[in-house]
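The chain contents come next:
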Number of protein chains: 2
Amino acid sequence: MSATVLSHPMVLVYIDPVTMEIAAMQIRPAAETDADAIWRIMEPTIRAGETYALPMDGTRAQAFDYWYARGNDVFVADDAGEVIGTYYMRTNRQGGGSHVANCGYMTGAWANGRGVARAMCAHSLDEAKRRGYTAMQFNFVVSTNERAVRAWQGMGFAIVGRLPGAFRHPRLGLVDAFVMFRNL
Amino acid sequence: MSATVLSHPMVLVYIDPVTMEIAAMQIRPAAETDADAIWRIMEPTIRAGETYALPMDGTRAQAFDYWYARGNDVFVADDAGEVIGTYYMRTNRQGGGSHVANCGYMTGAWANGRGVARAMCAHSLDEAKRRGYTAMQFNFVVSTNERAVRAWQGMGFAIVGRLPGAFRHPRLGLVDAFVMFRNL
């Protein structure tokens, strides 16, 4: 557990409550050289199959087709040179829907509990505003992913839709998914 | 206005209540030769910008990128050789979400009021079931498109989400969009 002391669009500074060590996490656009690190985060998330609607046995190429889809910009959370999280940002819909951004976030399992997802979300909200979006929508938050649901609610997102049984959870069977939304 | 007397997955037979003429509409997979007819339906819909989140000034190629996107199957409603409607079917999400189909429908403005959208929707529900989907979701039904909302409700869809101000309507400004869902 860590206490966040400063959340800035580009740098998250936090103090480890046990060691009192101060650390800084930088959130920056992904470079080509981050691909291996991003896959190290994505692969266990996809294999677990509990939070993203992606094939559990999908290849790296298939996963990257999704993460780096046309129109996506990919960012990473860089903790002193180690990539511990990644997110993408895209325009959720074209035309009359193009004022709404969409993002997806993944944190390395080993880095959970350090506020990485929240830091990336804060970064994405600032970045989206800077790009002129006026709202952000998450299309498919698996309802049993309670940590994510609480985190996004804490970041100002409201549940605006419930998709009944829209996700086949590998242990729990069909569970609901949420649509979450907030203005910027 | 016409009275539908038989709705079959492949053929919709209706009687014109004025002329008592019997007509049959066939719903079938689109052929390459249907492209011009499909664009004749899509172009005015896109230019009006009131129902689909697509750029109002988009080209035919951009519109087809959307309609014929990877994974989409396109169908047409064929009224004695004249294409009067079109729809696409796709898997809404991969992996744990792949049991849910997604469709989009467009009817030629000149053929409105003849039950074309409902016929295509009925066809798509049968086709989706046949393909093993167990639900269908519409991700973005513009709330002011009341005829569509009512038609889909009449076809068993429920509004499961309301996206606040998610659509920039060319006359009405920001309006809500609905997520609609039904099991198969």
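Keep in mind the model is a prediction, meaning the values are calculated, not measured. (Residues numbered from 1 in each chain as written. Chains lettered and ligands numbered in written order. Predicted model: local features only at pLDDT ≥ 70, side-chain atom pairs only at ≥ 80, totals over all residues. Heavy atoms only, no water.)

Caption draft 1: Here's a closer look at the relation of the copies chain A and chain B. Superposing chain A onto chain B takes a rotation of 180° plus a shift of 0.0 Å along the axis, which leaves an RMSD of 0.0 Å. Both copies are brought into coincidence by an operation consistent with a two-fold rotation axis. Across chain A, the rotation axis passes nearest the C-alpha of Gly161 of chain A, at a separation of 1.8 Å. In this assembly the copies share their binding face: 100% of the residues contributing to the interface of chain A also contribute to that of chain B. (Least-squares fit on C-alpha atoms with pLDDT ≥ 70 in both. Contact = heavy atoms within 4.5 Å.)

Caption draft 2: Representation of the interface of chain A and chain B in the model. Across the boundary between the two partners, chain A contributes 29 residues, which contact 29 residues of chain B. The junction of chain A with chain B conceals about 2400 Å² of combined surface from both sides, 54% of it contributed by carbon and sulfur atoms. Along the contact surface separating chain A from chain B lie two salt bridges. As a salt-bridge pair, Arg70 of chain A and Asp65 of chain B come within 3.9 Å of each other at their nearest N and O atoms. Where chain A meets chain B, there are 12 residue pairs in polar contact (both at pLDDT 80 or more). When residues of the side of chain A that touches chain B are traced back to their parent elements, those giving at least two are helix 2 (60-67), strand 7 (135-142), strand 8 (158-169) and strand 9 (173-183) of chain A. The element best represented in the side of chain A that touches chain B is strand 8 of chain A, accounting for nine residues. Considering only residue class, the side of chain A that touches chain B consists of 14 nonpolar, 10 polar and five charged. (Buried area = accessible area lost by both parts, 1.4 Å probe. Salt bridge = Lys/Arg side-chain N within 4 Å of Asp/Glu carboxyl O. Polar contact = N/O pair within 3.5 Å; in protein donor to acceptor, adjacent residues only side chain to side chain. Helix = DSSP H or I, 4+ residues; strand = E, 2+ residues; numbered from the N terminus. Nonpolar A, V, L, I, M, F, W, Y, C, P; charged D, E, K, R; others polar.)

Caption draft 3: Quick look at helix 3 (residues 116-130) of chain A. Residues and elements named next belong to chain A. A rise of 1.5 Å per residue sets the reference length of helix 3, with its 15 residues, at 21 Å; its end C-alpha atoms lie 21 Å apart and thus fit the reference within 8%. Every buried residue of helix 3 is accounted for by Val116, Ala119, Met120, Cys121, Ala122, His123, Ser124, Leu125, Glu127 and Ala128. Phi turns positive one or two residues past the end of helix 3, at Gly132, with a value near 95°. (Expected span 1.5 Å × (residues − 1). Buried < 20%, exposed > 50% of the residue type's maximum accessible area, 1.4 Å probe, protein only.)

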